[in-house]
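Okay, here's what each chain looks like letter by letter:
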Amino acid sequence: MEKRPFINKDQLEAVCAEYPTPFHLYDEAEIRRRARALNAAFSWNPGFKEYFAVKATPNPWIVSILAEEGCGCDCATGVELTLAEACGVTGENIMLSSNDTPDEDYRHAAELGAIINLDSLDMVDCLVRALDGKLPKMVCCRVNPGGTFSSANGIIGNPQDAKFGMTVPQLMEAFSRLAELGVEDFGIHAFLASNTQENDYYPRLSRQLFELAVRAHEELGVHVGLIDLSGGIGVDYRPEDAAADIAAIGEGVREAYEQVLVPAGMGDVRICSELGRWMLAPAGGLVTRVIHEKLTYKDYLGVDACAANLMRPAIYDAYHHITVMGKEDEPAERAYNVVGRLCENNDQFAHDRMLPLTTIGDLLFIHDAGAHGFSMGYNYNGALRSAELLWREDGSVQQIRRAETSADYFATFDADPRFSSLAKK
Ligand SMILES: Cc1ncc(COP(=O)(O)O)c(C=O)c1O
């Protein structure tokens, strides 16, 4: 499908008059639309909850909008737990889906009443140690069945190569031990393929997890009350990609539920998701201006953003569509490499990308940057992270995070009197 930004050139220039480029811009209306579509797709399951993967877009304004739409938080670290709490998300509305987890994060999660999702069998002992034996009533475990994961179109994931999760026998052992320790309710979590383009990923995953839940119930006598399908639903980064059909996905999970869980007398199981990319990627873009042009063996457009603001193209060679604002209807007849300023040749947002004739001063909108975009930012070369702005439903713009300054960059030298003045510049 043709990709158009959610904002036009005049509107965006007006935003730039107040906030200098580069910045990430999020569309509140689209965020709410997506949350509502997901909740509608799973409304057949009364306990359904999306635990938004905070790592995708860890901004309290975004998390709060999602909380208003009924979403909880999936947190990976203690810092993300703090962010969730600051947004008023507490108790079982938080899921700690972490790995290689330090004891203090388990304590923090338990204090908040969060659901704890254990990534490995040895974490049972860690949890007992961290919580002084006072385990929560409900604990979730992350399973990794190994092998490959296939959709109807072939292999889409390689769980065997992933560091995450425990084997099926380990999960059974974890459940037995946790039950002996007084845990009464169990969850099963798995994330077996990423950025999936097929509508059958969740339905196939859920069927596997439902069958495992029935087995755990029958063999161990435990109550499995929660199936966490985690993240992994993809987005149409390329115009030729098909967007996920969330209603069809919800329906596919419902069919598996009715075929596997209901006949086993397990029709009380709650489903949850931890979507990050699907929830937020299309609702955000990176806005940047062309500041240089260089014609050598390629035609380069130098922009004022760099991989520090969006590193997916640099590390995964990921495609992000680019719109030259105001030239949406001009023919894309020239091949450009769109590059940032880092001293790394992979700091390129696009290679040989066909765009309309583009000149210094043009504004570019880099699509689908709303998830795993700003949040993966880093400071290599002293590059500073940009602001984040929210395009509100009423058409106003709100800065929801200011741009970093050099004082932020130097802030962690504040204990050393020789350099602490840098932190004030
Ligand atoms: C445990 C966990 N849950 C959810 C997500 C979100 O995944 P996605 O953005 O693909 O939906 C991730 C992503 O890394 C994850 O590690």
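Residues numbered from 1 in each chain as written. Predicted model: local features only at pLDDT ≥ 70, side-chain atom pairs only at ≥ 80, totals over all residues. Heavy atoms only, no water.

Caption draft 1: Examining the overall build of the protein chain more closely. Secondary structure summary: the protein chain contains twelve helices and 19 strands in total. Relative to the 2.2 N^0.38 estimate, which gives 22 Å for 425 residues, the radius of gyration of the protein chain is 23 Å and therefore close to what a compact globule would have. Each principal axis of the C-alpha atoms in the protein chain carries an extent, and together these give about 70 × 55 × 40 Å. Counting only residues that meet the buried cut, the protein chain has 54% of its 425 residues in that class. Split by element, the accessible area of the protein chain, about 18000 Å² in all, is 50% carbon and sulfur. Charge-centre separation for the protein chain: the mean point of 38 positive side chains lies 4 Å from the mean point of 63 negative side chains. (Helix = DSSP H or I, 4+ residues; strand = E, 2+ residues; numbered from the N terminus. Rg over C-alpha atoms; globule rule 2.2 N^0.38 Å. Buried < 20%, exposed > 50% of the residue type's maximum accessible area, 1.4 Å probe, protein only. Areas by Shrake-Rupley, 256 points an atom, 1.4 Å probe, with all protein chains shown as cover. Lys, Arg positive; Asp, Glu negative; His and termini not counted. Charge placed at Lys NZ, Arg CZ, Asp CG, Glu CD.)

Caption draft 2: Representation of the side chain of asparagine 117 within the structure. Secondary-structure assignment places asparagine 117 in strand β5 (residues 115-118). Within the structure, the side chain of asparagine 117 is placed 2.9 Å from the side chain of serine 97, a separation counted as a polar contact. A polar side-chain atom of asparagine 117 sits 3.4 Å from the main-chain amide nitrogen of arginine 142. (Polar contact = N/O pair within 3.5 Å; in protein donor to acceptor, adjacent residues only side chain to side chain.)

Caption draft 3: Structural context of the pairing of strand β18 (residues 387-391). For β18, the buried fraction is high: five of the five residues fall into the buried class. Neither face of β18 is left uncovered, since the one carrying Ala387, Leu389 and Trp391 and the one carrying Glu388 and Leu390 both have all their residues buried. As paired elements, β18 and strand β19 (residues 397-401) share four bridges and run antiparallel to each other. Its bridge partner being in β19, glutamate 388 is matched across the sheet by arginine 401. Count of turn residues in the β18/β19 antiparallel hairpin: five residues, of which glycine 395 carries a positive phi of about 90°. (Pairing = 2+ DSSP bridges.)

Caption draft 4: Examining the packing of helix α2 (residues 28-41) against helix α3 (residues 60-68) more closely. Packing of α2 against α3 brings their axes to within 9 Å, and their N-to-C directions diverge by 40°. Regarding the angle of α2 to α3, the classification is oblique. The two elements α2 and α3 cross, and the hand of that crossing is right-handed. For the pair α2 and α3, contact is made by Glu28, Ile31, Arg32 and Ala35 and by Ile62, Ile65, Leu66 and Glu68, respectively. Here the contact of α2 with α3 is built from residues that sort into five nonpolar, no polar and three charged. (Axes fitted to C-alpha atoms, helices over the stretch in contact; angles between N-to-C directions. Parallel < 35°, antiparallel > 145°, perpendicular 65-115°, else oblique. Left-handed = near helix turned anticlockwise from the far one by under 90°. Contact = heavy atoms within 4.5 Å. Nonpolar A, V, L, I, M, F, W, Y, C, P; charged D, E, K, R; others polar.)

Caption draft 5: Spotlight on the domain arrangement of the protein chain. Along its sequence, the protein chain is organised into domain 1 (28-280) and domain 2 (282-413). Using C-alpha coordinates to define each centre, domain 1 is positioned 32 Å away from domain 2. Each side of the interface is counted separately: domain 1 has 23 residues, and domain 2 has 21 residues. Both faces considered, domain 1 and domain 2 share a buried interface measuring about 2000 Å² in area, 56% of it formed by carbon and sulfur atoms. It is Glu28, Trp61 and Tyr237 in domain 1 that bury the most area against domain 2; as a group they hold 32% of the surface buried on that side. For the pair domain 1 and domain 2, the number of links is two salt bridges. Residue glutamate 393 is joined to arginine 32 by a salt bridge in which the shortest nitrogen-to-oxygen separation is 3.5 Å. For the pair domain 1 and domain 2, the interface holds eleven residue pairs in polar contact (both at pLDDT 80 or more). Those elements giving two or more residues to the side of domain 1 that touches domain 2 turn out to be α2, α3 and α10 (277-280). The element that contributes the greatest number of residues to the side of domain 1 that touches domain 2 is α2, accounting for six residues. (Domains from an automatic or database assignment. Buried area = accessible area lost by both parts, 1.4 Å probe. Salt bridge = Lys/Arg side-chain N within 4 Å of Asp/Glu carboxyl O.)

Caption draft 6: Region of the structure containing the site of the ligand. Around the ligand, the structure places 14 residues, and the nearest of them are Lys55, Glu274, Gly276, Arg277 and His372. Contacts to the ligand include serine 230, whose side-chain N or O atom sits 3.2 Å from a nitrogen atom. A total of 400 Å² of accessible area belongs to the ligand in isolation, and the protein chains cover 88% of it. For the shell around the ligand, the residue count by class is three nonpolar, six polar and five charged. (Near = heavy atom within 4 Å.)

Caption draft 7: Summary view of the nonpolar core. In this structure, Leu118, Ile188, Val224, Ile227, Met279 and Leu280 are the most contacted members of the largest nonpolar core, which totals 91 residues. Viewed by domain, this core spans two of them, domain 1 (28-280) and domain 2 (282-413), each represented by three or more residues. The residues touching isoleucine 188, leaving out its near neighbours within four places in the chain, are Cys140, Cys141, Val143, Leu171, Phe175, Leu209, Leu212, Ala213, Val224, Leu226, Ile227 and Asp228. (Core = buried A, V, L, I, M, F, W, Y, C linked by side-chain atoms within 4.5 Å.)

Caption draft 8: The pattern of salt bridges, seen in detail. In this structure the tally under the stated criterion is 28 salt bridges. The partner of arginine 392 in a salt bridge is glutamate 28, and the shortest N-O contact between them spans 3.0 Å. Placement of the pair is arginine 392 in the loop between β18 and β19 and glutamate 28 in helix α2, with a sequence separation of 364 residues. The partner of arginine 401 in a salt bridge is glutamate 388, with the nearest N and O atoms 2.6 Å apart. Note that arginine 401 is positioned in strand β19 and glutamate 388 in strand β18, a separation of 13 residues in sequence.

Caption draft 9: Main features of the sheet that holds strand β3 (residues 72-75). In spatial order, the strands read β2-β3-β4-β5-β6-β9-β10-β11; together these eight strands close into a barrel with parallel pairing. Ignoring strand direction, the axes of neighbouring strands in this sheet form an average angle of 25°. One ladder, built from three bridges, connects β3 with strand β4 (residues 94-97); its direction is parallel. Bridge pairing in β4 places aspartate 74 opposite methionine 95. Packed onto the sheet, helix α4 (residues 78-86) meets β3 and β4 and runs at close to 170° relative to β3.

Caption draft 10: Focus on the pairing of strand β17 (residues 363-366). Neither face of β17 is left uncovered, since the one carrying Leu363 and Phe365 and the one carrying Leu364 and Ile366 both have all their residues buried. Note: strand β12 (residues 284-295) against β17, four bridges, orientation antiparallel. Of the residues in β17, the one forming a bridge with arginine 289 is leucine 363. By the bridge criterion, three bridges tie strand β14 (residues 322-324) to β17 in an arrangement that is antiparallel. Following the sheet pairing, isoleucine 322 is matched in β17 by isoleucine 366.

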